[in-house]
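Close look at the chain arrangement
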Amino acid sequence: MHSTSPKFAIFGNTYQVEKSASLIKLLVTLQSFSARIAIEETFYDFIRDTLPLTFTPDETIRTTDFTANFVISLGGDGTFLKSAAYVGSKGIPIIGINTGHLGFLADVAPDEIEEVIDGLFKGRYTIERRSVLRVTVPHKRLSVYPCALNEVAILKHDNSSMINIRAYVDSNYLNTYKADGLLVTTPTGSTGYNLSAGGPIVAPNSRSIVLSPVAAHSLNVRPVVLNDDCTIKLETDSRNHSYLISIDGRSQSLPEGATLTIRKAPYSIYVVKKPNSQYFDTLRNKLMWGADKRL
């Protein structure tokens, strides 16, 4: 392969072997364009052990220290979030190939792989810029990657009663949420956990952050939409003196004295979209708006 050939970094989940046809199609298509291929190490171990395919990538990815022209996420939206954490602030565009149900982030169907890869080499694609949230805890280093493409969730532990979360926006007191938790969500994440918690759907190019309580003790506590240039501070207390923070599903326990500061991150995630791809088409299909269940 020529050294100037574009490099594709592939991330995936170890899923059922019967879904491997999508991966084989992807690898064959990339090789037909003489692309350089890098694969995340644990995913490559799965490929090597389970697929009837003799394939050696140009390199394996062991850490977040890698380079590529494009990242390909093979799986669902959860795999896409994992890929986004690996990409971080590198600015590498991500393509999401969905091997399960229709996704909002991973929206390329397996039967579109050849068409989409061909489009990448011919410049037939668009890129959407998505905002990211960053969490900091004074005097404490988080053990998980501190940036979220979808949401930051502050949650009670399974065996505890509801928690109290005092929320401040730009140093102004907003509310004390007595609830099972509170979600701080990007527009991208508004169709995730936020949606099931009764939060609003926000268009992905909106410059906003959503606060949505999870199982609030009071019925008149509603979600709030904020400008994304604000600073959110959260103070939490609970009966067992700890709580759970989940950043795009990466979780750790924190003591109740640990105050969280959440701001928009200084970088964005770039999502590759097919030509003429429309967010509202995906929204209607995913949520089955207008579908007649009698049919």
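The preceding data block contains the structure.
Notes on the structure in this doc start here.

The strand order across the open sheet formed by six strands is β8-β7-β18-β15-β10-β11, and the pairing between neighbours is antiparallel. The open sheet terminates on both sides in strands that have one partner only, identified here as β8 (147-148) and β11 (172-179). In the sheet, strand β7 (residues 133-136) pairs with strand β18 (residues 260-264) via four bridges, with the strands oriented antiparallel. Note that in β18 the partner of Leu133 across the bridge is Lys264.

Here we come to the side chain of Ser131. Along the polypeptide, Ser131 turns up in the loop between β6 (126-130) and β7. Residue classification places Ser131 among the buried residues on the basis of a relative accessible area of 15%.

A few words on empty space enclosed by the protein. Scanning the model with the defined rule gives two cavities of 30 Å³ or more in all. Quantified by volume, the largest cavity comes out at close to 130 Å³. Along the wall of the largest cavity there are 14 residues; nearest its centre are Phe104, Arg130, Pro204, Lys273 and Tyr279. Of all the elements in the fold, those that place two or more residues in the lining of the largest cavity are β6 and α6 (279-287). Classifying every residue of the lining of the largest cavity by side-chain character gives four nonpolar, six polar and four charged. Taken together, Leu81, Ala84, Ala85, Val132, Tyr145, Cys147, Ala148, Leu149, Asp248, Arg250, Tyr267 and Ile269 form the lining of the second largest cavity. No other element matches the three residues that helix α3 (residues 77-87) contributes to the lining of the second largest cavity.

In the structure shown here, the tally under the stated rule is 16 salt bridges. The closest approach of N and O atoms between Asp45 and Arg48, which form a salt bridge, is 2.8 Å. Here the residue Asp45 and the residue Arg48 both occupy positions in helix α2 (residues 41-50), the gap between them amounting to three residues, near one helical turn. Overall, the relative accessible area of 29% leaves Asp45 in the partly exposed class. For Arg48, a relative accessible area of 49% corresponds to the partly exposed category. Linking Glu235 and Lys233 is a salt bridge whose minimum nitrogen-to-oxygen distance equals 4.0 Å. Sharing partners across several salt bridges, the network here consists of Arg166, Lys233, Glu235 and Asp237.

Val152, Ile154, Val184, Ile232, Leu234 and Leu260 are the most contacted members of the largest nonpolar core, which totals 29 residues. At four residues, the largest contribution of residues to this core is made by strand β10 (residues 163-169). Counting 26 residues, the second-largest nonpolar core is a separate cluster that includes Leu23, Leu27, Ile39 and Leu120.

On to unusual backbone geometry, then. The phi angle at Ala215 is positive, at roughly 50°, despite the residue not being glycine. Considering the arrangement of structural elements, one finds Ala215 in the loop between β13 (208-214) and β14 (224-227). Take Ala215: its relative accessible area is 51%, and that puts it in the exposed class. Within the chain, His241 stands out as a residue other than glycine whose phi angle is a positive 65°. By the secondary structure assignment, His241 is in the loop between β15 (232-237) and β16 (242-247).

Basis of the calculations
Residues numbered from 1 in each chain as written. Predicted model: local features only at pLDDT ≥ 70, side-chain atom pairs only at ≥ 80, totals over all residues. Heavy atoms only, no water. Pairing = 2+ DSSP bridges. Helix = DSSP H or I, 4+ residues; strand = E, 2+ residues; numbered from the N terminus. Buried < 20%, exposed > 50% of the residue type's maximum accessible area, 1.4 Å probe, protein only. 1 Å grid on protein atoms, 1.4 Å probe; cavity = no way out; pocket = protein on both sides within 12 Å on 5 of 7 lines; lining within 4 Å. Points joined across faces, edges and corners; volume = space filled by probe spheres on them. Nonpolar A, V, L, I, M, F, W, Y, C, P; charged D, E, K, R; others polar. Salt bridge = Lys/Arg side-chain N within 4 Å of Asp/Glu carboxyl O. Core = buried A, V, L, I, M, F, W, Y, C linked by side-chain atoms within 4.5 Å.

Everything listed here is a matter of coordinates, which is why it stays silent on function.
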